[in-house]
Amino acid sequence: MSDSPVDQSRRTWVAITAGAGAIGGVAAAVPFVSTFAPSERAKAAGAPVEADISALKPGEKMTVEWRGKPVWIVRRTKEQLESLKKTDAQVADPDSKRKPDELTPEYARNEYRSRKPEYLVAVGICSHLGCSPTDKFTPGAQPSLPDDWQGGFLCPCHGSTFDLAGRVFKNKPAPDNLEVPPHMYLSDTVLLIGEDKKA
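Heads up: these notes are all about the structure in this document. Values in this document were obtained by computation on a predicted structure and should not be read as measured data.

### Side note on the pairing of strand β9 (residues 190-193)
Covered by surrounding structure in β9 are V190 and L192 together with L191 and I193, the residues of both alternating faces. Where strand β1 (residues 49-52) lies against β9, four bridges are found, and the strand directions are antiparallel. Within β9, the position partnered with V49 by the bridge is I193. Across three bridges, strand β8 (residues 183-185) lies against β9 in antiparallel orientation. Pairing of M184 across the sheet is with L192, part of β9. The turn joining β8 and β9, which pair antiparallel and follow one another in sequence, is formed by four residues.

### Remarks on the sheet that holds strand β6 (residues 152-154)
One open sheet holds the three strands; their spatial order is β5-β6-β7, and the pairing between them is antiparallel. Whereas interior strands pair on both sides, the edge strands pair on one side only; in this sheet they are β5 (134-136) and β7 (161-163). Between one strand and the next, the sheet's axes are offset by a mean angle of 30°, whatever the strand orientation. With three bridges joining them, β6 and β7 adopt antiparallel strand pairing. Each residue of the ladder has a partner; that of F153, found in β7, is F162.

Criteria and thresholds
- Residues numbered from 1 in each chain as written.
- Predicted model: local features only at pLDDT ≥ 70, side-chain atom pairs only at ≥ 80, totals over all residues.
- Heavy atoms only, no water.
- Buried < 20%, exposed > 50% of the residue type's maximum accessible area, 1.4 Å probe, protein only.
- Helix = DSSP H or I, 4+ residues; strand = E, 2+ residues; numbered from the N terminus.
- Pairing = 2+ DSSP bridges.
- Axes fitted to C-alpha atoms, helices over the stretch in contact; angles between N-to-C directions.

Right, dumping it as structure tokens:
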């Protein structure tokens, strides 16, 4: 073994090039790893979207985008769920029998139109001309709403009303209930919109 002294300038140069190589490797890997997440284009084309519902309190609504459409997630209170029994006779399609394959997956063809009674998952687009209804969760008489209003949604364009299950009221311009998109729960706090079958 040689007892010659270590060339410090050479050692520094080796350390710098090794560091630069590592940084370059990371820089090259980041774009590659990011390709595993759905792109904005893929999301717009229909890739499933995850929604974290852990912070959603009873009586609140959050909106996520799926296929370029607003999807509402409403955590209904016990009183809001009870109100659905009162609106059964007032809505045009209480059992979601109209266009079931287009508007209501089989698991949501129940009185709550949902997988879990507490949560409504619906596309927030009126079935009349594609407007987006507004929240009218407070029960009681209000402008443009009946005196016995139980809470739900009002489409301001032409006055269609929907209950808290997204069911359209009778004698309104909107012909159908709000669409329930395919969805499933990945956990108690994470909802996957756009897919409802495990691979």
